[in-house]
Amino acid sequence: MLARAIRGSNSIEGYNVEIDDAAAALDDEEPLSADQQTFAEIRGYRQALGYVLQMASDPHFAIDVSALRGMHFMMLSHALSKSPGQYRSGPIYVRDDHEERIVYEGPDATLVPALVDELVDDLRESNGADPIVRAAMAHLNLVMIHPFRDGNGRMARALQTLVLSREEIVEPPFSSVEEWLGGNTEDYYRVLAQTGQGAWRPEGDTALWVRFMLRAHHMQAQTVERRLHEAAAIWVMLDRIVAEHGLHERVTEVLYEAVLGYRVRRSTYLKQAELEERTATRDLGRLVDIGLLEARGATRGRYYIAAGPLQDVRAEARASREPLYDPYPGLRAELTVGS
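Residues numbered from 1 in each chain as written. Predicted model: local features only at pLDDT ≥ 70, side-chain atom pairs only at ≥ 80, totals over all residues. Heavy atoms only, no water.

Chemist: Help me get a handle on the overall build of the protein, residues and values and all.
Modeler: For the protein, the helix and strand inventory stands at 16 helices and four strands. With the principal axes as the frame, the protein shows a C-alpha extent of 65 × 45 × 45 Å. Put simply, 64% of the contacts in the protein that link residues at least 6 apart link residues at least 24 apart. Counting every atom, the protein has about 17000 Å² of accessible surface; 49% of that belongs to carbon and sulfur. In the protein, which carries 37 positive and 52 negative side-chain charges, the distance between the mean positions of the two groups comes to 5 Å. (Helix = DSSP H or I, 4+ residues; strand = E, 2+ residues; numbered from the N terminus. Contact = heavy atoms within 4.5 Å. Areas by Shrake-Rupley, 256 points an atom, 1.4 Å probe, with all protein chains shown as cover. Lys, Arg positive; Asp, Glu negative; His and termini not counted. Charge placed at Lys NZ, Arg CZ, Asp CG, Glu CD.)

In structure tokens:
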């Protein structure tokens, strides 16, 4: 879930990685295919999101200006030219590269410190609003203030997850909608454009935005639930395969990751199963010999992917996948008409 959230939020900004490279950032591994610049962005976001998760249950933690600026520094500390942790000192514009036009202009830079102060003061007060709505509004307000030179969208999405986690309504990785937003980027940009109306207007109507976020939570929750059912079915099939081949049960997890589409690495398997290198090498070699995994790449950069039988497991698990129910069936049409 964390890897999918990291990948989703960064894909909105054009930093696209495979799911296993996003997971590599969580495991302190090197990427298999992402370039170094892209992976630096992924690692930075992983660090900021890790801070969010660490602080979620800390009773002494408070969301304040220092916390927000610290998160921004963690996110962009690899690129000092982007002034990580510092407010912007000049105007800022959001461009639609497809239509080559400016779609939003942030408030004057002189207003930014006071606006961020007001935002965090509001977050510290309990105004009786539903946590999902409070988190959605924190996201919207930060992205409309656009206080930093870069990383404002990712900061706003991380702040939304932080607000939700502080409300303790659910485990943070499961409450995040970053994966959903990453998979529905065009709709996300459309609702921001319609809500923002081109410039800082705090008196504007936010009903469409709130409905969009409620829909995102609903659809993401269904996605997670469906994934959970598929995982259970996959594990049953893998247990059967492991038993049929007389394999040690420790290989089941590595087979599961291959079924999900991960490129399995020996180094990751070593950590997960807490094995000696010789044992891990023997296990993976055996899985290749019996046709469950395929080895790719040279010895140093070698990884393993699902072979035929595991691809069949994936297909069988997904064959029973139920369609998602849309609680706001007319919302997407509204976004299209409005754009």
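After that view of the structure, there is still more to cover.
Chemist: Account for the environment of G70, with residues named and values stated.
Modeler: Its place among the elements puts G70 in helix α4 (residues 65-76). Along the backbone, G70 and G85 are 15 residues apart, and their C-alpha atoms lie at a distance of 5.9 Å.

Chemist: If you had to explain the side chain of T195 to someone new, which residues and values would you point to?
Modeler: By the element assignment, T195 lies in helix α10 (residues 185-196). Residue classification places T195 among the buried residues on the basis of a relative accessible area of 12%. The residues contacting T195, other than those within four sequence positions of it, are L140, M144, D205, T206 and W209. (Buried < 20%, exposed > 50% of the residue type's maximum accessible area, 1.4 Å probe, protein only.)

Chemist: If you had to explain the layout of surface pockets to someone new, which residues and values would you point to?
Modeler: In this approach, a probe sized like a water molecule rolls over the atoms, and the result shows the empty space that is left. In this model, the second largest pocket occupies a volume close to 580 Å³. Lining the second largest pocket are 26 residues, and of these M1, A3, E257, L260 and Y262 lie nearest its centre. Looking at the lining of the second largest pocket, the elements with two or more residues in it are α1 (2-12), α2 (19-26), α8 (172-175), α11 (207-244), α12 (251-260) and α13 (266-273). Among the elements that take part in the lining of the second largest pocket, α2 stands out by supplying five residues, more than any other. A class-by-class count of the residues in the lining of the second largest pocket yields 15 nonpolar, two polar and nine charged. (1 Å grid on protein atoms, 1.4 Å probe; cavity = no way out; pocket = protein on both sides within 12 Å on 5 of 7 lines; lining within 4 Å. Points joined across faces, edges and corners; volume = space filled by probe spheres on them. Nonpolar A, V, L, I, M, F, W, Y, C, P; charged D, E, K, R; others polar.)

Chemist: Please provide a residue-by-residue account of the environment of E257, values included.
Modeler: Mapping E257 onto the fold places it in helix α12. Setting aside residues up to four positions removed in sequence, E257 forms contacts with Y262, V264 and Q272. Among the polar contacts listed, one links the side chain of E257 to the side chain of Q272, at a separation of 2.7 Å. (Polar contact = N/O pair within 3.5 Å; in protein donor to acceptor, adjacent residues only side chain to side chain.)

Chemist: Residues and numbers for the pattern of salt bridges, please.
Modeler: Under the definition given, this model contains 21 salt bridges. Taking the shortest distance from any N to any O, the salt bridge between E13 and R157 comes out at 2.7 Å. In this pair, E13 is assigned in the loop between α1 and α2 and R157 in helix α7 (residues 152-167), connecting sequence segments 144 residues apart. For R157, a relative accessible area of 1% gives the class buried. Across the salt bridge formed by R332 and D187, the nearest N and O atoms sit 2.6 Å from each other. With R332 in helix α16 (residues 331-338) and D187 in helix α10, this pair connects stretches of sequence that are 145 residues apart. (Salt bridge = Lys/Arg side-chain N within 4 Å of Asp/Glu carboxyl O.)

Chemist: Now, about unusual backbone geometry: what can you tell me, with residues and values included?
Modeler: With phi around 55°, Q197 is a residue other than glycine that occupies positive phi space. By the element assignment, Q197 lies in the loop between α10 and α11. In this structure, E274 takes a positive phi of about 55° despite not being glycine.

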